[in-house]
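Examination of the molecular architecture
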Amino acid sequence: MSEQRKNQRFELKLPIELVKAGGEGVPQVGETRNLSSGGVLFTSDGKLQKGDPIEYLVTLPSKGENPSLRLRCMGKVVRG
């Protein structure tokens with residue numbers, strides 16, 4: 001069976017913090033499983049509904065004395 005995805009996925013386990021879902025602040029933490037330019041698959045300790053708008057922060061690791069980089073992302077839940 002061949003890969004059907006439009007965008008290449010990268011297996012990365014990075015810390016993620018969900019800050020909004022469905023217009024409400026819901027501080028939750030989790031971890032990415034994989035990501036691409038078109039989306040991110042992550043685990044979280046909260047319950048999200050399909051179609052919910054979400055806002056989340058992904059923390060990228062740093063090297064040396066550089067501070068870690070936090071990416072603020074917005075999207076919607078496509079699978080529950």
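The structure displayed is predicted, hence computed values, not measured ones.

Attention now moves to the overall build of the protein chain. When you go through the protein chain residue by residue, the secondary structure sums to 0 helices and 5 strands. Overall, the protein chain shows an N-to-C arrangement of helices and strands of β-β-β-β-β. Evaluated residue by residue, the protein chain yields a buried proportion of 24% over its 80 residues. Put simply, 42% of the contacts in the protein chain that link residues at least 6 apart link residues at least 24 apart. Here the protein chain carries 13 positive and 9 negative side-chain charges, and the mean point of each set is 7 Å from the other.

We now examine the nonpolar core. Within the largest apolar cluster, 10 residues are counted, these being Leu 14, Ile 16, Leu 18, Ala 21, Phe 42, Leu 48, Ile 54, Tyr 56, Val 58 and Val 77. Of all the secondary structure elements, the ones that give two or more residues to this core are β1 (15-21) and β4 (53-60). Once residues lying within four places of it in the same chain are set aside, the contact partners of Phe 42 are Ile 16, Glu 31, Thr 32, Arg 33, Leu 48 and Ile 54.

This part takes up the sheet that holds β4. Pairing is antiparallel in the open sheet, where 5 strands are placed in the order β3-β2-β1-β4-β5. Where the open sheet ends on each side, the last strands, each with one partner, are β3 (39-44) and β5 (69-76). Averaged over all neighbouring strand pairs, the angle between strand axes comes to 35°, with direction disregarded. Inspection of the sheet shows strand β2 (residues 24-36) paired to β3 by 6 bridges, in the antiparallel sense. For Leu 35, the partnering residue across the bridge sits in β3 and is Val 40.

What follows concerns the environment of Val 58. Along the polypeptide, Val 58 turns up in strand β4. As a C-alpha pair, Val 58 and Asn 34 span 24 residues in sequence and 12 Å in three-dimensional space. Once residues within four sequence positions are removed from consideration, Val 58 is found in contact with Leu 14, Pro 15, Ile 16, Thr 32, Leu 69, Arg 70, Leu 71 and Cys 73.

Glancing now at the side chain of Thr 32. Examined against the element boundaries, Thr 32 turns out to sit in strand β2. You can call Thr 32 buried: its relative accessible area is 0%. A distance of 2.6 Å separates a polar side-chain atom of Thr 32 from the backbone oxygen of Leu 12. Within polar-contact distance, the side chain of Thr 32 engages the backbone nitrogen of Leu 14 at 2.9 Å. Setting aside residues no more than four positions away along its own chain, Thr 32 makes contact with Leu 12, Lys 13, Leu 14, Ile 16, Val 40, Leu 41, Phe 42 and Val 58.

Rules used in this analysis
- Residues numbered from 1 in each chain as written.
- Predicted model: local features only at pLDDT ≥ 70, side-chain atom pairs only at ≥ 80, totals over all residues.
- Heavy atoms only, no water.
- Helix = DSSP H or I, 4+ residues; strand = E, 2+ residues; numbered from the N terminus.
- Buried < 20%, exposed > 50% of the residue type's maximum accessible area, 1.4 Å probe, protein only.
- Contact = heavy atoms within 4.5 Å.
- Lys, Arg positive; Asp, Glu negative; His and termini not counted.
- Charge placed at Lys NZ, Arg CZ, Asp CG, Glu CD.
- Core = buried A, V, L, I, M, F, W, Y, C linked by side-chain atoms within 4.5 Å.
- Pairing = 2+ DSSP bridges.
- Axes fitted to C-alpha atoms, helices over the stretch in contact; angles between N-to-C directions.
- Polar contact = N/O pair within 3.5 Å; in protein donor to acceptor, adjacent residues only side chain to side chain.

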